[in-house]
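What follows is the residue order along each chain.
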Amino acid sequence: MNRPESLPSSAVVRHHHEALLLRLNAHSSHYRDPVSAVAWDSLRFDAPWLPEPLLSLYGLPEFDALSVEERIRLSQAEFVAFCELGLWLEALFIERLGRNRLAEMYRDLAAYRYQLHEMREEIGHSLMFLELQRRAQIPFMSSARDRPRLASAFARFAPEGSAAFWATILVGENIPDRLNRRIFADKELPAAVLAITQIHMREEARHMAFARATIQERSRRLSAWQKRLLSPLLRRVIHQFLHTCFFPSANVYAAAGLAEPVLLARRVRHNPHRRRLMDECAAPSRDFLRSQGFSL
């Protein structure tokens, strides 16, 4: 039998994809319900739930003018809003995975098995986020119509087996993961916040590995001109998602009890610190997709 290194490049990609599926299925078999894994009683309401540099107003005069209590309330509202964004993303992903799994079962059993693991984990994350929202007593701060329409449509209707579809999945997982890493680095946050973040990071690491491998395998089937045609669409999807992720709506500031929430939402869009953070979190996704031949 030939060693993997001596196989044609397409066969090498397939070999690594199959090996990755074996590892992912093995790691995902040790599942624990996230809701039962979080020490919810540690969710203190007199402590921040986000590090100050991750707050959207950080770096603006309006942030300096906030009292300690207002900063704490804002951190709690923004963390819940961040998890609410996760609910939307995971609902889209679960919908797409559930729609086409029967065909996948007959095409690639190992991939089918792993995507069932992914569905279970994404459903667990969603239940965890809903439990956070219930305990925080903060109602939904956005509706489906507030989410980026192109990104929603692309996630729902792009061909499920395409590199472009998995590119959108990777963006929706990788950019929040960059924020999660910064959240988890602050060990002064409540244990419940750190547990929610750690669970999400650990399981999304596997999801991202699968998405990257799938993009690598399927982007090989695209010609250079197909990638050029898809690139503007992907750029727009990424742009919409970044704005949804990093620029909270006025409802978030209202939920935090801050005055003039509409003005604050407008001001944050021009916050240099926030824009730098956004670019830093987006860079790994852009770099990877560029390495696959997309112009972003």
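Scroll up a little and you will see the structure.
Small disclaimer: the values here were computed from a predicted structure and weren't measured.

**Section: the packing of helix H7 (residues 163–184) against helix H8 (residues 191–219)**
Here is step 1 of the chain: Two elements in contact, H7 and H8, have axes whose closest approach is 8 Å; the angle formed by their N-to-C orientations is 150 degrees. Considering their axes alone, H7 and H8 lie roughly antiparallel with respect to each other. Viewed along their axes, H7 and H8 form a crossing whose handedness is left-handed.

**Points about the packing of aromatic side chains**
Given two aromatic rings, one states the distance between the centres and the angle between the planes to describe the pair.
Here is step 1 of the chain: Under the counting rule described, the total for this entry stands at 6 aromatic pairs.
Here is step 2 of the chain: With centroids separated by 5.3 Å and ring planes inclined at 65 degrees, the aromatic side chains of Tyr 58 and Phe 63 adopt a geometry described as edge-to-face.
Here is step 3 of the chain: Its relative accessible area of 3% is what places Phe 63 among the buried residues.
Here is step 4 of the chain: Both rings, one in Phe 93 and one in Trp 166, keep their centres 6.1 Å apart while their planes meet at 85 degrees; by these two values the pair is edge-to-face. Linking Phe 93 in helix H4 (residues 68–107) with Trp 166 in helix H7, this pair joins segments that are 73 residues apart in sequence. With respect to burial, Phe 93 and Trp 166 carry one shared label: buried.
Here is step 5 of the chain: Each member of the aromatic cluster is reached from another via a ring pair, and the members are Phe 93, Tyr 114, Phe 165, Trp 166 and Phe 210.
Here is step 6 of the chain: Sitting above the plane of the Phe 63 ring, Arg 71 keeps its charged end 4.2 Å from the centroid.
Here is step 7 of the chain: Note that Lys 187 overlies the ring of Phe 184, its terminal NZ or CZ placed 3.2 Å from the centroid.

**Looking at unusual backbone geometry**
Here is step 1 of the chain: Residues other than glycine seldom take positive phi values, yet Gln 137 does so here, at roughly 55 degrees.
Here is step 2 of the chain: Mapped onto the elements of the fold, Gln 137 is located in the loop between helix H5 (109–136) and helix H6 (149–157).
Here is step 3 of the chain: By relative accessible area, Gln 137 is classed as exposed at 71%.
Here is step 4 of the chain: Located in the positive-phi region is Glu 260, a residue other than glycine, with phi close to 50 degrees.

**Some remarks on the pattern of salt bridges**
Here is step 1 of the chain: For the structure on display, the rule yields 10 salt bridges.
Here is step 2 of the chain: Arg 44 is the salt-bridge partner of Asp 46, the closest N and O atoms lying 3.0 Å from each other.
Here is step 3 of the chain: Glu 52 is paired through a salt bridge with Arg 71; the nearest N and O atoms lie 3.5 Å apart. Placement of the pair is Glu 52 in the loop between helix H2 (34–37) and helix H3 (61–64) and Arg 71 in helix H4, with a sequence separation of 19 residues.
Here is step 4 of the chain: Under the relative-accessibility criterion, Glu 52 is labelled partly exposed at 37%.
Here is step 5 of the chain: Under the relative-accessibility criterion, Arg 71 is labelled buried at 19%.

About the criteria used
- Residues numbered from 1 in each chain as written.
- Predicted model: local features only at pLDDT ≥ 70, side-chain atom pairs only at ≥ 80, totals over all residues.
- Heavy atoms only, no water.
- Axes fitted to C-alpha atoms, helices over the stretch in contact; angles between N-to-C directions.
- Helix = DSSP H or I, 4+ residues; strand = E, 2+ residues; numbered from the N terminus.
- Parallel < 35°, antiparallel > 145°, perpendicular 65-115°, else oblique.
- Left-handed = near helix turned anticlockwise from the far one by under 90°.
- Phe/Tyr/Trp six-rings, centres within 6.5 Å; stacked < 30°, edge-to-face > 60°.
- Buried < 20%, exposed > 50% of the residue type's maximum accessible area, 1.4 Å probe, protein only.
- Lys NZ or Arg CZ within 6 Å of the ring centre and 35° of its normal.
- Salt bridge = Lys/Arg side-chain N within 4 Å of Asp/Glu carboxyl O.

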